[in-house]
Amino acid sequence: MTIYVGNLSYQATEDDLKTVFGDYGTVKRVVMPTDRETGKMRGFAFVEMTESDQEDSAISQLDGAEWMGRRIRVNKARPRENNNRNTQRRNNSW
């Protein structure tokens, strides 16, 4: 399972997230997507921990918490949905 962390401060780093989530268990991986054109962080991240009960604990404790001046959203990440633009482009033979 992976955790979605939204409404992040643009000053947040992978190390910051590892520290905060490390209070709830072992952090396996942190991914902070960036904008393709600007290279700037997009304001959300994904955190993967070694144990699902650790993830559940982090979610229940951190969702809605104020961190770095923002109220963060923390929940289970949902599978990525198909992007209609890309799907449509592949299905059309122009």
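Criteria and thresholds
- Residues numbered from 1 in each chain as written.
- Predicted model: local features only at pLDDT ≥ 70, side-chain atom pairs only at ≥ 80, totals over all residues.
- Heavy atoms only, no water.
- Phe/Tyr/Trp six-rings, centres within 6.5 Å; stacked < 30°, edge-to-face > 60°.
- Buried < 20%, exposed > 50% of the residue type's maximum accessible area, 1.4 Å probe, protein only.
- Helix = DSSP H or I, 4+ residues; strand = E, 2+ residues; numbered from the N terminus.
- Arc of directions from axis to C-beta.
- Contact = heavy atoms within 4.5 Å.
- Core = buried A, V, L, I, M, F, W, Y, C linked by side-chain atoms within 4.5 Å.
- Polar contact = N/O pair within 3.5 Å; in protein donor to acceptor, adjacent residues only side chain to side chain.

Participant: It is not clear to me how the packing of aromatic side chains should be interpreted in this structure. Could you clarify?
Facilitator: According to the stated counting rule, one finds 3 aromatic pairs in the structure shown. The rings of Tyr4, Phe44 and Phe46 are connected pair by pair, giving a single aromatic cluster.

Participant: How do you make sense of helix 2 (residues 52-62) when you look at a structure like this?
Facilitator: Quick reminder: α-helices carry 3.6 residues per turn. Residues three or four places apart thus point the same way. Taken as a whole, helix 2 has its buried residues at Gln54, Glu55, Ala58, Ile59 and Leu62. Seen from one end, helix 2 has its buried residues packed into an arc of 135°, which puts them on one side. In this structure, helix 2 carries Asp53, Ser60 and Gln61 as exposed residues pointing more than 90 degrees from its buried face. The inward-facing, buried residues of helix 2 contact strand 1 (3-6), helix 1 (14-22), strand 3 (44-49) and strand 6 (73-76).

Participant: Looking at this structure, how should I read the environment of Pro33?
Facilitator: With respect to the helices and strands, Pro33 occurs in the loop between strand 2 (27-31) and strand 3. Among the residues examined, Pro33 registers a relative accessible area of 18% and is labelled buried. Along the sequence, Pro33 and Gly43 sit 10 residues apart, while their C-alpha atoms lie 8.2 Å from each other. Here Pro33 is in contact with Met41, Arg42, Phe44, Ala45 and Phe46, once residues within four sequence places are set aside.

Participant: Where do I start with the nonpolar core in this structure?
Facilitator: In globular proteins that are soluble, nonpolar side chains generally tend to be buried together. Counting 20 residues, the largest nonpolar core has Ile3, Leu8, Leu17 and Phe21 as the members making the most contacts within it. Excluding residues that lie within four positions of it along the chain, Leu8 makes contacts with Leu17, Met32, Met41, Gly43, Phe44, Ala45, Trp67, Arg70 and Ile72.

Participant: How should the side chain of Gln54 be read in this particular structure?
Facilitator: With respect to the helices and strands, Gln54 occurs in helix 2. In this structure Gln54 comes out as buried when scored by relative accessible area, which is 17%. For Gln54, the side chain forms a polar contact with the main-chain nitrogen of Thr26, separated by 3.2 Å. Leaving out residues up to four positions away in the same chain, Gln54 has contacts with Tyr24, Gly25, Thr26 and Met49.

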